[in-house]
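# Remarks on the overall topology
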Amino acid sequence: MTRTLFGIKFVDILKVPKDRRLQTVSVLQFTLTFLFLGLISIVVFILLLFTPFAFVPVLYLVWYVYDFRTPERGGRRWNWVRNWKVWEYFRDYFPVRLIKTADLDPSKNYIFIYHPHGIMSYGAFLCFSTAAAHFEKTFPGMRSTLVSLNYQFVIPFNREYAMSLGICSCNRGSIEWLLSNEGVGNAVVLVVGGATEALEARPDSFTLTLAKRKGFSRIALKQGVALVPVFSFGENDLYTQLPNPPGSLVRKFQSLMTKLLSFSPPVFHGRGLFNYTYGILPYRKPINVVVGSPLEVSCIPEPTNEQVNELHAKYIEHLTNHFESNKAKYGVSETQRLNII
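Another aspect to go through is the overall build of the protein chain. Along its length, the protein chain carries twelve helices and 13 strands. Taken over the C-alpha trace, the protein chain has a radius of gyration of 21 Å; the compact-globule value for 341 residues is 20 Å, and the two agree within 12%. For the protein chain, the spread of C-alpha atoms along the principal axes amounts to about 60 × 60 × 45 Å. Going through the 341 residues of the protein chain one by one, you find that 49% of them count as buried. Restricting the contact set of the protein chain to residue pairs at least 6 apart, pairs at least 24 apart contribute 77%. Here the protein chain contributes 36 positively and 24 negatively charged side chains, and the mean placements of these two sets differ by 6 Å.

Right, let's get into the packing of helix H8 (residues 172-180) against helix H10 (residues 215-223). The contact between H8 and H10 brings their axes to 11 Å, and the two run at 35°. In this structure, the crossing between H8 and H10 has a hand that is right-handed. Contacts between H8 and H10 involve Arg 172, Ile 175, Glu 176, Leu 179 and Ser 180 from the first element and Arg 218, Ile 219, Lys 222 and Gln 223 from the second. Here the residues of the contact of H8 with H10 sort into three nonpolar, two polar and four charged.

Attention now moves to H10. Among the residues of H10, those classed as buried are Phe 216, Ser 217, Ile 219, Ala 220 and Leu 221. Of the surrounding elements, those touching the buried residues of H10 are strand E4 (110-115), H8, strand E7 (186-190), strand E9 (226-233) and helix H12 (305-326).

Reading across from one edge, E3-E12-E9-E4-E7-E5-E6 is the order of the seven strands in this open sheet, with mixed pairing throughout. This sheet does not close on itself; its edge strands, each paired only once, are strand E3 (96-100) and strand E6 (168-169). Judged from the five bridges that link them, strand E5 (residues 143-148) and E7 form a sheet pairing that is parallel. Bridge pairing in E7 places Leu 146 opposite Val 189. Of the strands in this sheet, E4, E9 and strand E12 (287-291) are in contact with H12, which crosses E9 at around 40°.

Counted residue by residue, E4 has six buried out of six residues, so it is predominantly covered. Residues Tyr 110, Phe 112 and Tyr 114 line one face of E4 and the alternating positions Ile 111, Ile 113 and His 115 line the opposite face, and both faces are buried. Bridge count for E4 against E9 is six bridges, and the pairing is parallel. Following the sheet pairing, Tyr 114 is matched in E9 by Val 230.

On to the nonpolar core, then. Phe 90, Phe 94, Leu 98, Phe 112, Tyr 122, Phe 128 and Val 289 are the most contacted members of the largest nonpolar core, which totals 46 residues. It is helix H5 (residues 122-129) that provides the largest number of residues to this core, a total of six residues. Core analysis: the next-biggest nonpolar cluster, separate from the first, contains 33 residues, Ile 99, Phe 206, Ala 220 and Leu 221 among them.

For the bond running from Phe 94 to Pro 95, omega is 0°, close enough to zero to count as cis. Relative to the elements of secondary structure, Pro 95 occurs in the loop between helix H4 (86-93) and E3. Located in the positive-phi region is His 134, a residue other than glycine, with phi close to 60°. Mapped onto the elements, His 134 comes out in the loop between H5 and helix H6 (135-138).

A few words now on a nonpolar patch on the surface. Taken together, the side chains of Leu 32, Phe 34, Leu 35, Phe 36, Ile 40, Val 44 and Ile 280 define a hydrophobic patch exposed on the protein surface, amounting to about 540 Å² of accessible area. Relative to the helices and strands, Phe 34 is located in helix H1 (residues 18-48). With relative accessibility at 39%, the residue Phe 34 sits in the partly exposed group.

Successive side chains on a regular strand alternate, one facing one side of the sheet and the next facing the other. Across the six residues that make up E5, a large majority, five, are buried. Handedness of the crossover is the feature at issue here: the chain leaves E5, passes through helix H7 (residues 158-164), returns alongside E6, and the resulting connection is right-handed.

The subject of this paragraph is the packing of aromatic side chains. Taken as a whole and assessed by the stated rule, the structure comprises 36 aromatic pairs. Where Tyr 60 meets Tyr 64, the ring centres are 6.3 Å apart and the plane angle is 45°; that geometry is what we call tilted. On the criterion of helical spacing, the pair formed by Tyr 60 and Tyr 64 is a turn pair, its members being four residues apart in helix H2 (residues 55-66). With a relative accessible area of 13%, Tyr 64 lands in the buried category. Here the aromatic rings of Tyr 114 and Phe 128 are separated by 6.4 Å at their centres, their planes lie at 85°, and the arrangement is edge-to-face. Of this pair, Tyr 114 sits in strand E4 while Phe 128 sits in helix H5; the two residues are 14 residues apart in sequence, bridging distant segments of the chain. Of the two residues examined, Tyr 114 and Phe 128, each falls in the buried class. Looking at Lys 85, its charged tip hangs above the ring of Tyr 89, at a distance of 5.7 Å from the centre. We note Lys 100 situated over the ring of Phe 139; from NZ or CZ to the ring centre the distance is 5.7 Å.

Here we take up the side chain of His 318. Tracing the chain through its elements places His 318 in helix H12. Discounting residues that sit within four places of it in the chain, His 318 has contacts with Pro 229, Ser 293, Pro 294 and Leu 295.

Quick notes on the rules
Residues numbered from 1 in each chain as written. Predicted model: local features only at pLDDT ≥ 70, side-chain atom pairs only at ≥ 80, totals over all residues. Heavy atoms only, no water. Helix = DSSP H or I, 4+ residues; strand = E, 2+ residues; numbered from the N terminus. Rg over C-alpha atoms; globule rule 2.2 N^0.38 Å. Buried < 20%, exposed > 50% of the residue type's maximum accessible area, 1.4 Å probe, protein only. Contact = heavy atoms within 4.5 Å. Lys, Arg positive; Asp, Glu negative; His and termini not counted. Charge placed at Lys NZ, Arg CZ, Asp CG, Glu CD. Axes fitted to C-alpha atoms, helices over the stretch in contact; angles between N-to-C directions. Left-handed = near helix turned anticlockwise from the far one by under 90°. Nonpolar A, V, L, I, M, F, W, Y, C, P; charged D, E, K, R; others polar. Pairing = 2+ DSSP bridges. Core = buried A, V, L, I, M, F, W, Y, C linked by side-chain atoms within 4.5 Å. Patch = residues over 30% accessible without salt bridge, like charges linked within 9 Å, V, L, I, M, F, W, Y side chains within 5 Å. Areas by Shrake-Rupley, 256 points an atom, 1.4 Å probe, with all protein chains shown as cover. Salt bridge = Lys/Arg side-chain N within 4 Å of Asp/Glu carboxyl O. Right-handed = clockwise from strand over helix to strand, strands pointing away. Phe/Tyr/Trp six-rings, centres within 6.5 Å; stacked < 30°, edge-to-face > 60°. Lys NZ or Arg CZ within 6 Å of the ring centre and 35° of its normal.

Quick look at the structure:
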């Protein structure tokens, strides 16, 4: 189903089965949304002000002010959006699988810590912001809420789409609200490595930005909720990233932009819509999202730094054991170790 020209493998579109075409389009829409929806929302908002429909952004602004704190107060999920058929095609493109290794108690709340971030966290989005991976069937009585950067909820229109998928703000107040004001059976999902870890996303990379990311450990102690490690085998295999070793000019520029913008600008490529060699679409590589056993945490309303450090060290050990116990099942060499920075 391919033809090669100048070293580029082109898709013979007429020979591609319909389902595979739909899978590709579904992933394309998510990728374009991830990269450009925020910018498009801002442009549309501004342009509408200079049209006969200027009342639309004006009315929206009134609503925006009234509704400003909703992303920090449990959000506003729409299950019909989470159940769109497009997410099933998205799942089957890679494919993405959600794998349980231990039962969870639906009378409790949990913090899921997702590793690694990858370029666009495809596995985290599919498993915890849509119904396509069957989270609620896999963990009966549980409800997942993925949390994301605050800027997602500052941009008009973009914030409504993010919330419709059940995504909430990742600031401390938002996470504590979800754990203390939304009943029980909540799994708050935090992609802790963030923008910095995205710069390490490349095939066969197991570098995690975690050593100093201790905020979730403090919240777990204050709330008395267990920490659950989630490792996404294959998340880093979806794109090829330009070499950017620490200290290089590329990395220095990326680190500067990360500090200024709160998100990183990795230089990457995958495959294209009509070729398998270059483009913004991810490669068709399996993503296995393996949910580990909970690390139980005692409630300490005012934890000391020493207690936070102790729990954080225990979590890193628990995560490492989870990785070591599962890596061989998903094609990782027995000699491969996590590199936690």
